[in-house]
Amino acid sequence: MSTVLAIETSCDETAVAIVKNREVLSSIVASQIETHRLYGGVVPEVASRQHLGSIGAAIEAAIGEAAIAWDAIDGIGVTCTPGLVGALMVGVSAAKTLAAIHDKPLLGVHHLEGHIYASYLAEPDLEPPFLCLLVSGGHTSLIHVRDCGNYEIVGQTCDDAAGEAFDKVARLLGLAYPGGPAIDRVAREGNPKAFKFPEGRIKLPGGGFHPYDSSFSGLKTAVRRTIERLQEEKPDAPLPVADLAASFQEAVARALTKRALRCAEDLGLTKIAVGGGVAANSRLRSRLQEGVAETGIDVLFPPLKFCTDNAAMIGCAAVEHLQRGQVSPMTLSVRSRLALSDVGSLYA
Ligand code: KG4
Ligand code: ZN
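Calculation rules
Residues numbered from 1 in each chain as written. Chains lettered and ligands numbered in written order. Predicted model: local features only at pLDDT ≥ 70, side-chain atom pairs only at ≥ 80, totals over all residues. Heavy atoms only, no water. Helix = DSSP H or I, 4+ residues; strand = E, 2+ residues; numbered from the N terminus. Rg over C-alpha atoms; globule rule 2.2 N^0.38 Å. Buried < 20%, exposed > 50% of the residue type's maximum accessible area, 1.4 Å probe, protein only. Contact = heavy atoms within 4.5 Å. Areas by Shrake-Rupley, 256 points an atom, 1.4 Å probe, with all protein chains shown as cover. Axes fitted to C-alpha atoms, helices over the stretch in contact; angles between N-to-C directions. Parallel < 35°, antiparallel > 145°, perpendicular 65-115°, else oblique. Nonpolar A, V, L, I, M, F, W, Y, C, P; charged D, E, K, R; others polar. Expected span 1.5 Å × (residues − 1). Domains from an automatic or database assignment. Buried area = accessible area lost by both parts, 1.4 Å probe. Salt bridge = Lys/Arg side-chain N within 4 Å of Asp/Glu carboxyl O. Polar contact = N/O pair within 3.5 Å; in protein donor to acceptor, adjacent residues only side chain to side chain. Pairing = 2+ DSSP bridges. Core = buried A, V, L, I, M, F, W, Y, C linked by side-chain atoms within 4.5 Å. Donors = N, O, S within 2.8 Å, 3.2 Å for Na, K, Ca; no water.

Now for the overall build of the protein. Secondary structure assignment for the protein yields 11 helices and 10 strands. Against the 2.2 N^0.38 benchmark of 20 Å for 348 residues, the protein shows a C-alpha radius of gyration of 21 Å, consistent with a compact globule. Here the C-alpha coordinates of the protein stretch approximately 70 × 45 × 35 Å along the principal axes. Here the protein, with 348 residues, has 52% of them falling under the buried criterion. Restricting the contact set of the protein to residue pairs at least 6 apart, pairs at least 24 apart contribute 73%. Put simply, the protein shows about 14,700 Å² of open surface, and 51% of that area lies on carbon and sulfur atoms.

Here's what the structure looks like:
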């Protein structure tokens with residue numbers, strides 16, 4: 001049994017959690033969405049300052065909620081890559097300070113590995129190998145999870161992440177940030193077949209298409225061109241926002257479902273674990289569930305609170321590294337990027 005206090009500050013949530021193996025004892029998430037909404041997106045410098053203001057109270061709240069003493073905590077986990085450097089620095093400085101004061105091992109965690117570990121929080125008996133479909137504001141990846149620390153990215157986006165596409169299209173439609181939930185909401189009133197948008201396939205130099213990679217920038221452009229055409233044709237008519245949202249959402253859900261299923265089948269994997277904020281999307285969920293029917297593949301959706309950024313998923317990954325004797329040096333630094341295949345470099 002290992003218990004870890006974990007910190008996550010890679011983007012716009014200040015999060016602290018206490019995790020015992022795969023059980024969450026407490027999970028505090030102080031969201032900055034209201035602040036960044038004023039700017040229509042995350043402002044890095046504002047995010048760092050807000051983390052600094054919230055981190056102390058979040059640590060105290062996580063310890064209070066778990067009602068745990070320091071001698072019952074075996075290590076300090078922290079997201080150290082990838083993310084906004086200034087934001088990561090706040091979490092890593094706090095984690096190092098706690099590790100030094102309380103004489104605990106420090107465990108740097110790769111943010112994407114954390115998203116993979118969110119699935120273990122929901123399904124403690126889940127074991128690799130499985131396919132992780134990670135769809136968030138910053139990432140869209142198909143990851144072959146072979147073991148702890150052994151990941152291969154088999155598919156990804158060549159430009160915008162799926163969540164980023166939701167946010168940008170929402171802005172085109174005049175909907176508020178973050179765009180994903182707003183599009184999901186209005187799409188319920190729309191016709192997903194009203195407009196035919198491309199699936200964003202990537203052409204291969206030798207002909208044909210990449211089976212698992214996507215491009216969402218072209219899809220966003222297709223929505224923008226459609227809006228421009230509609231406005232030219234009928235300048236006084238209101239935009240069919242619900243139909244545009246439903247048709248866009250349908251194209252994203254169709255693209256992600258096709259690629260995830262094809263990938264799982266090709267790799268002979270029988271489980272697809274979905275993670276990241278876009279995993280909340282109602283159409284993606286229903287399409288994936290319809291898609292796996294009669295294939296023998298199971299699809300797992302962690303509860304939403306563990307899909308979006310949180311520290312419990314970071315703690316769960318840190319526990320496993322600690323149990324394998326993988327500890328980070330106190331010289332651990334933050335990095336805006338690190339390949340998922342290089343997570344081993346975070347440990348001494
Ligand atoms: O995982 P997350 O909280 O943060 C990152 O690590 O990026 O994901 C945030 C993204 C945003 O782009 C947001 O618009 C999207 O997830 N999102 C959704 C939904 N809820 C959140 N996208 C589509 N449908 C939703 N219901
Ligand atoms: Zn994330």
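Following the structure, the description resumes.
The contact between helix 5 (residues 162-172) and helix 7 (residues 217-233) brings their axes to 10 Å, and the two run at 10°. One element, helix 5, and the other, helix 7, form an angle in the roughly parallel class. Facing helix 5, whose interface residues are Lys168, Val169 and Leu172, helix 7 presents Lys220, Val223, Arg224 and Ile227. The residue makeup of the contact of helix 5 with helix 7, split by class, is 4 nonpolar, no polar and 3 charged.

The next point concerns helix 4 (residues 111-122). Here helix 4 is 12 residues long and its end C-alpha atoms lie 18 Å apart, about the 16 Å a rise of 1.5 Å per residue gives. Within helix 4, the full set of buried residues consists of His111, Leu112, Glu113, Gly114, His115, Ile116, Tyr117, Ala118, Ser119, Tyr120 and Leu121.

This brings us to the domain arrangement of the protein. In many reports, interface size means the accessible area that the parts give up when they come together. Examined at the domain level, the protein breaks down into domain 1 (3-117 + 307-346) and domain 2 (128-303). Domain 1 and domain 2 are separated by 28 Å when their C-alpha centres are compared. Each partner contributes residues to the interface: domain 1 has 21 residues there, and domain 2 has 21 residues. For the domain 1 and domain 2 pair, buried surface summed over both sides reaches about 1,700 Å², with 69% attributable to carbon and sulfur atoms. When the buried surface of domain 1 facing domain 2 is broken down by residue, Leu112, Ile116 and Cys307 rank first, second and third, together holding 36% of it. The interface formed by domain 1 and domain 2 includes 1 salt bridge. Taking the shortest distance from any N to any O, the salt bridge between Asp147 and Arg324 comes out at 3.1 Å. Our count for the domain 1 to domain 2 interface comes out at 5 residue pairs in polar contact (both at pLDDT 80 or more). For the side of domain 1 that touches domain 2, the secondary structure elements donating two or more residues are helix 1 (33-37), helix 4 and helix 11 (312-323). Considering each element in turn, the side of domain 1 that touches domain 2 owes the most residues, 5 residues, to helix 4.

With that settled, consider the sheet that holds strand 6 (residues 130-135). Note: strands within a sheet are paired through backbone hydrogen bonds, in either parallel or antiparallel orientation. Spatially, the 5 strands line up as an open sheet ordered 8-7-6-9-10, and their pairing is mixed. Whereas interior strands pair on both sides, the edge strands pair on one side only; in this sheet they are strand 8 (150-156) and strand 10 (298-300). Going across the sheet, the axis of each strand differs from the next one's by a mean of 25°, ignoring polarity. Summarising the sheet, strand 6 and strand 9 (residues 271-275) pair through 4 bridges and their orientation is parallel. Looking across to strand 9, one finds that Leu131 is bridged to Ile272. With respect to the sheet, helix 4 is in contact with strand 6, strand 7 (140-147), strand 8 and strand 9, its orientation differing from that of strand 6 by roughly 120°.

Within the largest apolar cluster, 64 residues are counted, with the highest numbers of intra-cluster contacts made by Leu5, Ile7 and Ile59. Ranked by residues supplied to this core, first place goes to helix 11 with 8 residues. Split by domain, this core shows at least three residues from each of two domains, domain 1 (3-117 + 307-346) and domain 2 (128-303). Discounting residues that sit within four places of it in the chain, Leu5 has contacts with Val16, Ala17, Ile18, Ile59, Ile63, Trp70, Ile73, Gly75, Ile76, Gly77 and Leu98. One finds Phe216, Ala222, Ile272 and Cys307 within the second-largest nonpolar core, a separate group that totals 46 residues.

Pairing is mixed across the open sheet formed by 5 strands, whose spatial order is 3-2-1-4-5. A single partner strand is all that each edge strand has here, and the edge strands are strand 3 (23-31) and strand 5 (106-110). On average, each strand axis in the sheet is inclined to that of its neighbour by 20°, with strand direction left out of account. Sitting on the sheet, helix 2 (residues 44-66) is in contact with strand 1 (3-8), strand 2 (13-20) and strand 3, with an inclination near 25° to strand 2.

Our next topic: the coordination of the zinc ion (ligand 2). Taken together, the protein donors to the zinc ion (ligand 2) comprise His111 (NE2), His115 (NE2) and Asp309 (OD), at separations of 2.1 Å. Note on His115: relative accessible area 2%, which makes it buried. Overall, the relative accessible area of 16% leaves Asp309 in the buried class.

Two side chains with opposite charge may pair up if their charged atoms get near one another. Counted according to the given criterion, the structure contains 19 salt bridges. Arg324 is the salt-bridge partner of Glu320, the closest N and O atoms lying 3.3 Å from each other. The buried category is assigned to Glu320, whose relative accessible area is 17%. Salt bridges linked by common partners bring Arg22, Glu127, Asp147, Glu320 and Arg324 together as one network.

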